[in-house]
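The residues making up each chain are set out below.
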2 protein chains.
Amino acid sequence: MRHDHRVILDETDRRILAELQADGRQPWAELGRRVAMSASAVVERVRRLEEAGVVRGYRAVVDPAAVGLGVRALVRLKYPTGNYKPFHDLVARTPFVLEAHHVTGEDCFVLTVLARDMRHLEQLTGRLATLGSITTSVVYSSPVEGRPVPGDDETPGG
Amino acid sequence: MRHDHRVILDETDRRILAELQADGRQPWAELGRRVAMSASAVVERVRRLEEAGVVRGYRAVVDPAAVGLGVRALVRLKYPTGNYKPFHDLVARTPFVLEAHHVTGEDCFVLTVLARDMRHLEQLTGRLATLGSITTSVVYSSPVEGRPVPGDDETPGG
DNA sequence: GCTGAAATCGCAGGGGT
DNA sequence: ACCCCTGCGATTTCAGC
């Protein structure tokens, strides 16, 4: 659970990470079978990966549309000041903001937002617009989503 | 595992989803304790949530920086034509593209990209730039990340 | 990293409200 | 529709090697 320092992974570690990103709930015994190790050995490796901060946890993947949040949007925010307090306060009490990234470029922040419908999105963006100038892009579809973090040596023809 | 049609969730379902998004690997017995139900009852509910497409799976959360991918960027792509084949082909064989969203606005696509370092990012964006005009924003930090999908009635003072 | 034994869990079947 | 209990096989865990 400590630092973010680089960790050296061998081939088995990478296979374990790929497996756990594909199915985070499979039994250790099953995972052991897939990477050709005993259950106890695989558990020890996973424990070390967690300890090293490589594996940060396990999460169920929930489909927003299935729970009534059918609209997804990316909101870019041009934030005028260096006082980030109002920004943090607003996103902290707005659970529909799934992500907020501080980025280079003209737009200081990029947010990923979920909304029930366009009316709800209008309301959410209205609140965000009190912080600064925003640009909203509504997501039509996501051709790529939920890809696993690749192993650090992966370079498949490109 | 069926359609994306709306599903009606009660309070218990929402608590289950919150728990499984916080720790997707906890034993059903433990989850039952937390929502005050027997293990078998909680398993039955989770099975139904999976069946309905609300829970799409379980994934380990891997820290990209810990495996040597210390750079994250958002790449906006102004795609000139309606022929999406070259785009899909390129992202399909580029595992460092974690997400690709088709969005409204001037930029047709927004991609989330991981890279080992700036040199690697330069290489990746160079490839993407063959498809169309791009705008790259490098992520400094992510004040909000990995938030759970909120219950559909959540409106906490905001 | 492997084995082996005890505790725990997962999974079906059956039944109650 | 929803929930609980029981039984058995599989899994987890922790010891020692």
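Everything in this summary refers to the structure shown in the same document. In this text, all values refer to a predicted model and were calculated from it rather than measured experimentally.

1. Looking at the pattern of salt bridges
All names here are of chain A.
Right, so step 1: Taken as a whole, this structure holds 25 salt bridges over all chains when the rule is applied.
Right, so step 2: We note a salt bridge from E106 to K78, for which the minimum N-O separation is 3.6 Å. Note that E106 is positioned in the loop between β3 (97–103) and β4 (109–115) and K78 in strand β2 (residues 71–78), a separation of 28 residues in sequence.
Right, so step 3: A single network of salt bridges, built from pairs that share partners, joins E19, E30, R33 and R34.

2. As for helix α1 (residues 11–22) of chain B
Right, so step 1: Given a rise of 1.5 Å per residue, 12 residues ought to cover 16 Å, and the 17 Å separating the end C-alpha atoms of α1 of chain B matches this to within 8%.
Right, so step 2: Listing the buried residues of α1 of chain B in full gives T12, D13, R14, I16, L17, L20 and Q21 of chain B.
Right, so step 3: As for α1 of chain B, its buried residues are in contact with β1 (55–62) of chain A together with α2 (28–34), α3 (39–51) and β1 (55–62) of chain B.
Right, so step 4: N-cap assignment for α1 of chain B: the residue whose side-chain oxygen lies 3.1 Å from the backbone N of T12 of chain B is D10 of chain B.

3. A closer look at the packing of helix α1 (residues 11–22) of chain A against helix α3 (residues 39–51) of chain A
All names here are of chain A.
Right, so step 1: The N-to-C vectors of α1 and α3 enclose an angle of 85 degrees; their axes lie 11 Å apart at closest approach. Judged by the inter-axis angle, α1 sits roughly perpendicular to α3. On α3, the residues touching T12, D13, I16, L17 and L20 of α1 are V42, R45, V46 and L49.
Right, so step 2: Class assignment of the residues belonging to the contact of α1 with α3 gives a composition of six nonpolar, one polar and two charged.

4. Considerations on the protein's contact with DNA strand D
Right, so step 1: Lining the immediate surroundings of DNA strand D are P27, W28, A29, R33 and S40 of chain A together with M37, S38, S40, A41, R45 and R48 of chain B.
Right, so step 2: Of all atoms in DNA strand D that approach within 4 Å of the protein, 78% are sugar or phosphate atoms.
Right, so step 3: One of the backbone N or O atoms of W28 of chain A is found 2.7 Å from a phosphate oxygen in DNA strand D.
Right, so step 4: Contact distances for DNA strand D include 3.1 Å between a phosphate oxygen and a side-chain N or O atom of R33 of chain A.
Right, so step 5: For the surface near DNA strand D, the secondary structure elements donating two or more residues are α2 (28–34) of chain A together with α3 of chain B.
Right, so step 6: In terms of residue count, α3 of chain B provides more of the surface near DNA strand D than any other element does, four residues in total.
Right, so step 7: Looking at the surface near DNA strand D residue by residue, the classes come out as five nonpolar, three polar and three charged.

5. Overview of the sheet that holds β3 of chain A
Within a sheet, neighbouring strands are paired by backbone hydrogen bonds and run either parallel or antiparallel to one another.
Right, so step 1: In spatial order, the strands read β2(A)-β4(A)-β3(A)-β5(B)-β2(B)-β4(B)-β3(B)-β5(A); together these eight strands close into a barrel with antiparallel pairing. Across the sheet, the mean angle separating the axes of adjacent strands is 35 degrees when strand polarity is ignored.
Right, so step 2: Bridging between strand β5 (residues 133–144) of chain A and strand β3 (residues 97–103) of chain B involves three bridges; their strand directions are antiparallel. Bridge pairing in β3 of chain B places S141 of chain A opposite H102 of chain B.
Right, so step 3: Helix-sheet contacts for helix α5 (residues 118–128) of chain B involve β2 (71–78), β4 (109–115) and β5 (133–144) of chain B, and the interaxial angle to β4 of chain B is about 150 degrees.

6. Considering the protein's contact with DNA strand C
Right, so step 1: In the vicinity of DNA strand C, the contacting residues are R25, S38, S40, A41 and R45 of chain A together with P27, W28 and A29 of chain B.
Right, so step 2: Sugar plus phosphate: this is where 79% of the atoms of DNA strand C within 4 Å of the protein reside.
Right, so step 3: The separation between a phosphate oxygen of DNA strand C and a polar side-chain atom of R45 of chain A is 2.4 Å.
Right, so step 4: Within the contact set of DNA strand C, a phosphate oxygen lies 3.4 Å away from a backbone nitrogen or oxygen of W28 of chain B.
Right, so step 5: Those elements that provide at least two residues to the surface near DNA strand C are α3 of chain A together with α2 of chain B.

7. Here we look at the side chain of R25 of chain B
Right, so step 1: With respect to the secondary-structure elements, R25 of chain B resides in the loop between α1 and α2.
Right, so step 2: Among buried charged residues, R25 of chain B stands out as having no salt bridge; its nearest opposite-charge side chain is D23 of chain A, 6.6 Å away.
Right, so step 3: Of the polar contacts made by the side chain of R25 of chain B, one reaches the backbone oxygen of G24 of chain A; its length is 2.8 Å.
Right, so step 4: Not counting residues up to four positions away in its chain, the partners in contact with R25 of chain B are L20, G24, R25, Q26, P27, W28 and Y58 of chain A.

8. What to know about the relation of the copies chain B and chain A
Right, so step 1: When chain B is fitted onto chain A, the two copies agree to an RMSD of 0.1 Å after a turn of 180 degrees and an axial shift of 0.0 Å. Here the symmetry operator amounts to a two-fold rotation axis.
Right, so step 2: Of the residues that chain B buries at the interface, 100% are likewise interface residues in chain A, meaning the two copies contact each other through the same surface.

9. A short note on the environment of I16 of chain A
Residues and elements named next belong to chain A.
Right, so step 1: Within the element layout of this structure, I16 appears in helix α1.
Right, so step 2: Measuring from C-alpha to C-alpha, the distance between I16 and V46 comes to 7.8 Å, with 30 residues separating the pair along the chain.
Right, so step 3: Apart from residues lying up to four places away in sequence, I16 is in contact with L31, V35, M37, V42, R45, V46 and L49.

10. Some thoughts on the packing of aromatic side chains
Right, so step 1: Taken as a whole and judged by the stated rule, the model has 10 aromatic pairs over all chains.
Right, so step 2: Between Y79 of chain B and F109 of chain B, the ring centres sit 5.8 Å apart and the planes meet at 90 degrees, which makes this aromatic pair edge-to-face. Residue Y79 of chain B is found in the loop between β2 and α4 (85–92), and its partner F109 of chain B is found in strand β4; the two are separated by 30 residues along the sequence. Side by side, Y79 of chain B and F109 of chain B carry an identical accessibility label, which is buried.
Right, so step 3: Both rings, one in Y84 of chain B and one in F109 of chain B, keep their centres 5.6 Å apart while their planes meet at 85 degrees; by these two values the pair is edge-to-face. Taken together, the positions of Y84 of chain B in the loop between β2 and α4 and F109 of chain B in strand β4 put the pair 25 residues apart, joining distant regions of the chain.
Right, so step 4: Under the relative-accessibility criterion, Y84 of chain B is labelled partly exposed at 29%.
Right, so step 5: F109 of chain B gets classed as buried once you look at its relative accessible area, which sits at 1%.
Right, so step 6: Three or more aromatic residues joined by ring pairs make a cluster, and in this case those are Y79, Y84, F87 and F109 of chain A.
Right, so step 7: Its guanidinium or amino end placed over the ring of W28 of chain A, R25 of chain B lies 3.4 Å from that ring's centre, counting from NZ or CZ.

Conventions we followed
- Here the residue numbers are simple positions, counted from 1 along each chain's written sequence.
- A letter from A marks each chain and a number from 1 marks each ligand, given out in the order of writing.
- Residues qualify for local features only when their pLDDT is at least 70, as the model is predicted, and side-chain atom pairs are given and counted only at 80 or more; totals for whole chains, interfaces and linings, by contrast, use all residues.
- Think of the side-chain values as coming from all heavy atoms in the structure, minus any hydrogens and water.
- Whenever Lys or Arg places a side-chain nitrogen within 4 Å of a carboxyl oxygen from Asp or Glu, that contact is recorded as a salt bridge.
- By definition, any uninterrupted DSSP run of H or I lasting at least four residues is a helix, any uninterrupted run of E lasting at least two residues is a strand, and each is numbered from the N terminus.
- Each helix should span, by expectation, one fewer than its residue count multiplied by 1.5 Å.
- Relative accessibility decides the category of a residue: with a 1.4 Å probe and only protein chains considered, values under 20% of the type maximum give buried, values over 50% give exposed, and everything between is partly exposed.
- Two residues form a contact once any of their heavy atoms are found within 4.5 Å.
- What qualifies as a polar contact is a pair of N or O atoms within 3.5 Å, subject to a donor-acceptor requirement within protein and to the restriction that residues adjacent in sequence count only when both atoms come from side chains.
- Between N-to-C directions, angles cover 0 to 180 degrees, with each direction set by a line fitted to C-alpha atoms, over the stretch in contact for helices.
- In these notes the angle categories are as follows: under 35 degrees is roughly parallel, over 145 is roughly antiparallel, 65 to 115 is roughly perpendicular, and the rest is oblique.
- For this classification, Asp, Glu, Lys and Arg are treated as charged, while Ala, Val, Leu, Ile, Met, Phe, Trp, Tyr, Cys and Pro are nonpolar and the rest, including Gly, are polar.
- Working definition: residue near molecule or strand if any one of its non-hydrogen atoms lies within 4 Å of it.
- For two strands to be treated as a pair, DSSP must find at least two bridges joining them.
- Residues scored as positive are Lys and Arg, those scored as negative are Asp and Glu, and His as well as the terminal groups of each chain are ignored.
- In superposing the copies, a least-squares fit is computed on C-alpha atoms, taking residues whose pLDDT is at least 70 in both.
- Any two rings among Phe, Tyr and Trp, with Trp reduced to its six-membered ring, count as a pair given centres within 6.5 Å; such a pair is stacked if its planes are under 30 degrees apart, edge-to-face if over 60, and tilted if neither.
- To sit over a ring, a charge needs its Lys NZ or Arg CZ within 6 Å of the ring centre and within 35 degrees of the ring normal.

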